[in-house]
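Chain by chain, the residues:
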Amino acid sequence: MTAVESRPAGVALTPSPGGHRPFGARVKAFVALTKPRIIELLLITTVPVMFLAEQGVPDLWLVFATCLGGYLSAGGANALNMYIDRDIDALMDRTSQRPLVTGIVSPRECLVFGISLAVISTLWFGLLVNWLSAALSLGALLFYVVVYTMILKRRTAQNIVWGGIAGCLPVLIGWSAVTNSMSWAAVILFMVIFFWTPPHYWPLSMKVKEDYARVGVPMLPVVASNKVVARQIVAYSWVMVGVSLLLTPLGYTGWFYTTVALVAGGWWLKEAHGLQARAKSGVTGGKLKEMRLFHWSITYVSLLFVAVAVDPFLR
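Per chain, residue numbering runs from 1 following the sequence as it is written. With the structure being a predicted model, the display of local features is reserved for residues of pLDDT at least 70 and the display and counting of side-chain atom pairs for 80 or more, all residues being used for whole-chain, interface and lining totals. The side-chain figures draw on all heavy atoms in the structure; neither hydrogens nor water molecules are used.

1. Some points on the packing of helix 1 (residues 23-33) against helix 3 (residues 60-84)
So, step 1. For every element, the axis is a line fit to its C-alpha atoms; helices are fit only across the contacting stretch, and the angle between N-to-C directions ranges from 0 to 180 degrees. Only DSSP runs of H or I covering at least 4 residues are called helices, and only runs of E covering at least 2 are called strands; the numbering of each starts at the N terminus. Contact geometry for helix 1 and helix 3: axes closest at 7 Å, N-to-C directions at 95 degrees. For the element pair helix 1 / helix 3, the angle class is roughly perpendicular. Where helix 1 approaches helix 3, its residues Val31, Ala32 and Leu33 are matched on the opposing element by Tyr71, Gly75, Asn78, Ala79 and Met82.
So, step 2. Classes in brief: Ala, Val, Leu, Ile, Met, Phe, Trp, Tyr, Cys and Pro nonpolar; Asp, Glu, Lys and Arg charged; the others, Gly included, polar. Among the residues making up the contact of helix 1 with helix 3, the classes are represented as six nonpolar, two polar and no charged. Here the angle decides the label: under 35 degrees means roughly parallel, over 145 means roughly antiparallel, 65 to 115 means roughly perpendicular, and every other value means oblique. Note on definitions: a residue-residue contact is assigned when non-hydrogen atoms from the two residues lie within 4.5 Å.

Structure (structure tokens):
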């Protein structure tokens with residue numbers, strides 16, 4: 001990732017004389033364009049579904065091909081997202097070190113890079129996995145770039161709710177990579193991620209809502225009180241946990257997954273209700289502890305999908 005400099009948000013770095021930009025820094029910048037930390041989460045939801053679809057260990061070459069294709073596709077989407085959002089990224093503290101803002105990568109380079117990854121990833125999936133997975137991958141990319149970034153993000157507080165569909169599609173891609181078809185199991189896990197995304201992202205948005213307010217992006221915490229946001233988080237959390245438990249009665253998972261889903265889901269609900277209680281009492285600032293739920297949300301989805309992968313071996 002690009003190094004953090006002590007400078008005001010929105011002030012781009014000036015390229016060195018002659019336009020020289022160190023090769024190593026350029027490589028890191030192009031990697032940063034793909035947002036690798038976000039892609040880690042996408043892969044966490046892709047690979048375990050492949051184990052569930054196979055009811056055992058899937059072909060390891062297929063796993064590699066699916067992961068690499070998924071990285072290239074999501075990386076292309078993230079690069080195009082940065083290209084489109086470069087104006088507001090320059091004004092937000094949390095994004096002020098992105099490669100287009102610092103100037104180490106030009107907008108044209110970013111655009112070409114993003115489009116190239118989109119084309120390469122689609123062909124990779126189609127030729128080495130299957131064309132259903134290629135279509136789903138391309139659909140996720142276009143949904144994130146066009147529907148979320150270009151249409152929803154700057155217009156509605158529901159941006160992350162519907163825009164989050166792009167992040168749900170890797171679940172379907174993992175299943176289709178193995179079976180070249182769809183299943184209710186994949187749809188249920190798709191819905192888990194759909195209801196997980198808002199209560200995962202809204203706590204972070206609560207933390208940095210001044211950033212979003214500064215650039216006019218109507219994330220829910222910008223346009224609603226902490227009490228309202230926390231109530232929405234609790235509502236989505238209950239639905240998410242409920243949906244996660246549907247796999248077992250439908251015969252797709254057994255006792256191990258059910259145990260993990262109940263324990264991890266119960267802890268999630270405890271944290272969500274704790275946040276709501278603090279918001280109701282008027283707590284603000286650091287004492288609101290909204291990032292506790294954000295960090296737990298990452299642990300939760302990791303545990304749940306590891307259980308998805310392990311469960312077939314224990315039935």
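Continuing now.
2. Let's talk about the packing of helix 6 (residues 107-128) against helix 7 (residues 131-152)
The relative placement of two packed helices is expressed as an angle between their axes plus a distance between the axes.
So, step 1. It is at 6 Å that the axes of helix 6 and helix 7 come closest, and there the two elements cross at 155 degrees. With respect to their mutual orientation, helix 6 and helix 7 come out roughly antiparallel. In the crossing of helix 6 with helix 7, the sense of the turn from one axis to the other is right-handed. Contacts from Ala118, Thr122, Leu123, Phe125, Gly126 and Leu127 of helix 6 reach helix 7 at Trp131, Ser133, Ala134, Ser137, Leu138 and Leu141.
So, step 2. Of the residues in the contact of helix 6 with helix 7, the class split is eight nonpolar, four polar and no charged. Rotating anticlockwise by less than a right angle from the far helix to the near helix defines a left-handed crossing, while the corresponding clockwise rotation defines a right-handed one.

3. A short note on the environment of Leu91
So, step 1. Tracing the sequence through the fold places Leu91 in the loop between helix 4 (86-89) and helix 5 (99-102).
So, step 2. Leu91 sits in the partly exposed class, given a relative accessible area of 44%.
So, step 3. Distance in space between the C-alpha atoms of Leu91 and Ser302 is 32 Å, their sequence separation being 211 residues. The buried label goes to any residue with under 20% of its type's maximum accessible area, the exposed label to any with over 50%, and the partly exposed label to all in between, with areas taken from a 1.4 Å probe on protein chains only.

4. Here's the deal with the packing of aromatic side chains
So, step 1. When the centres of two rings from Phe, Tyr and Trp lie within 6.5 Å, Trp using its six-membered ring, the rings pair. Their planes under 30 degrees apart give stacked, over 60 give edge-to-face, and anything left gives tilted. Taken as a whole and judged by the stated rule, the model has 12 aromatic pairs.
So, step 2. With a centroid separation of 5.1 Å and an interplanar angle of 70 degrees, the aromatic rings of Phe30 and Phe113 are classed as edge-to-face. Taken together, the residues Phe30 in helix 1 and Phe113 in helix 6 connect sequence positions 83 residues apart.
So, step 3. What makes Phe113 partly exposed here is its relative accessible area of 21%.
So, step 4. Here Trp202 and Tyr236 contribute two aromatic rings whose centre-to-centre distance is 5.5 Å and whose plane-to-plane angle is 80 degrees, an arrangement assigned as edge-to-face. Taken together, the residues Trp202 in helix 10 (residues 184-207) and Tyr236 in helix 13 (residues 226-244) connect sequence positions 34 residues apart. In this structure, Trp202 and Tyr236 share a single accessibility class: buried.
So, step 5. These aromatic residues form a ring-pair network of at least three members: Trp162, Phe194, Phe195, Trp202 and Tyr236.
So, step 6. Lysine NZ or arginine CZ positioned within 6 Å of the ring centre and within 35 degrees of the ring normal marks a charge as sitting over the ring. Here Arg86 stacks its cationic end above the ring of Tyr83, 4.3 Å away from the centre of that ring.
So, step 7. Across from the ring centre of Trp267, 4.6 Å away, lies the NZ or CZ of Lys270, which sits over that ring.

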